[in-house]
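# Breakdown of the fold
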Amino acid sequence: MIVRANRLLLKHLFFSALFFSPYLLAAQPDEVLALMNEVRTDPQGFLAHRLLPFVKEKELEDNSYAKSLIEELKYARKINPLKSSAPLEKLARAHAQDMGSKGTVGHNSSNGMTFENRVRKKIKTGMIAENCDYGSTEPLEIVMSLLIDEGIASLGHRKNILHPGLNYVGIAIEKHKTYGVNCVMDFSGSEQ
């Protein structure tokens, strides 16, 4: 029994170490980007093959935010895929690390700098936007959380993902002192 308990403990520690491995965290932004591009380039396919099964599995059939996303994707037009941007990824990573190390949330840096001032240092003109997600460990959970956007009256995170004028994104997933993990997505209309 002690040997079995020790094996379970070692297995738990191994998978915990694996989860917080920078290699695993580094692999996930590509998966998040692929899912965002799937909903942008094939909204009805995403609805049928991703969203509806997710809503059923999570028992969100009566959730008004999930219902509004279902309705929106039924009629959404295909738009261009997002392109990965190294400057935006660097900005997103710095913000995710800042929030993660301090256990904070939101779009302002821990030093009080606003999102716009932070991003405008690199992206001088055009549209910019930011999404932040906390505690979601799977790429699909991150994207669904932001698309459903429960509790956000403006649906700003959903709008950012589905906005045809936003063409570039930088995605970072980092450890978070309070939530375990956080994901930051910085968007722009043009890469500068």
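Throughout what follows, the structure given in this document is the object of discussion.

Definitions and cut-offs
Residues numbered from 1 in each chain as written. Predicted model: local features only at pLDDT ≥ 70, side-chain atom pairs only at ≥ 80, totals over all residues. Heavy atoms only, no water. Buried < 20%, exposed > 50% of the residue type's maximum accessible area, 1.4 Å probe, protein only. Helix = DSSP H or I, 4+ residues; strand = E, 2+ residues; numbered from the N terminus. Pairing = 2+ DSSP bridges. Disulfide = S-S within 2.5 Å. Phe/Tyr/Trp six-rings, centres within 6.5 Å; stacked < 30°, edge-to-face > 60°. Salt bridge = Lys/Arg side-chain N within 4 Å of Asp/Glu carboxyl O. Contact = heavy atoms within 4.5 Å.

## Here we look at the pairing of strand β3 (residues 168-176)
- Taken across its 9 residues, β3 has 8 buried, putting it largely inside the fold.
- Sheet topology note: the strand β1 (residues 83-84)/β3 ladder contains 2 bridges and is parallel. The residue bridging S84 from the neighbouring strand is V169, located in β3.
- Across 9 bridges, β3 lies against strand β4 (residues 180-188) in antiparallel orientation. From the neighbouring strand, K175 faces β4, where its bridge partner is V181.
- Counted along the chain from β3 to the antiparallel partner β4, the turn is 3 residues long.

## Considering the state of the cysteines
- Summed over all chains, the structure comprises 0 disulfides.
- With no disulfide of its own, C132 lies 8.3 Å from the sulfur of C183, the closest cysteine sulfur.
- Accessibility expressed as a relative area gives 8% for C132, which makes it buried.

## A closer look at the packing of aromatic side chains
- The full count for this structure, using the stated rule, is 1 aromatic pair.
- Residues Y134 and Y179 carry aromatic rings whose centres are separated by 5.7 Å and whose planes lie at 45 degrees to one another, so their mutual orientation is tilted. With a gap of 45 residues between them, Y134 in strand β2 (residues 128-134) and Y179 in the loop between β3 and β4 connect regions that are remote in the sequence.
- Residue classification places Y134 among the partly exposed positions, given a relative accessible area of 22%.
- Take Y179: its relative accessible area is 44%, and that puts it in the partly exposed class.

## What about the pattern of salt bridges?
- What the rule picks out here adds up to 10 salt bridges.
- Between E89 and R93 there is a salt bridge, with its nearest N and O atoms 3.0 Å apart. Of the two residues, E89 and R93 both sit in helix α5 (residues 86-102), 4 residues apart, roughly one turn of that helix.
- Overall, the relative accessible area of 30% leaves E89 in the partly exposed class.
- Its relative accessible area of 23% is what places R93 among the partly exposed residues.
- Among the salt bridges present, the one from K102 reaches D98, with a minimum N-O distance of 3.7 Å. One end of the pair, K102, and the other, D98, are both in helix α5, 4 residues apart, so they sit about a helical turn from each other.
- Each of E89, R93 and E174 takes part in one network of salt bridges that share partners.

## Thoughts on the side chain of N167
- For N167, the location among the structural elements is in the loop between α8 (156-162) and β3.
- Contacts of N167, omitting those with residues within four sequence positions, involve N80, P81, L82, K83, S188 and G189.

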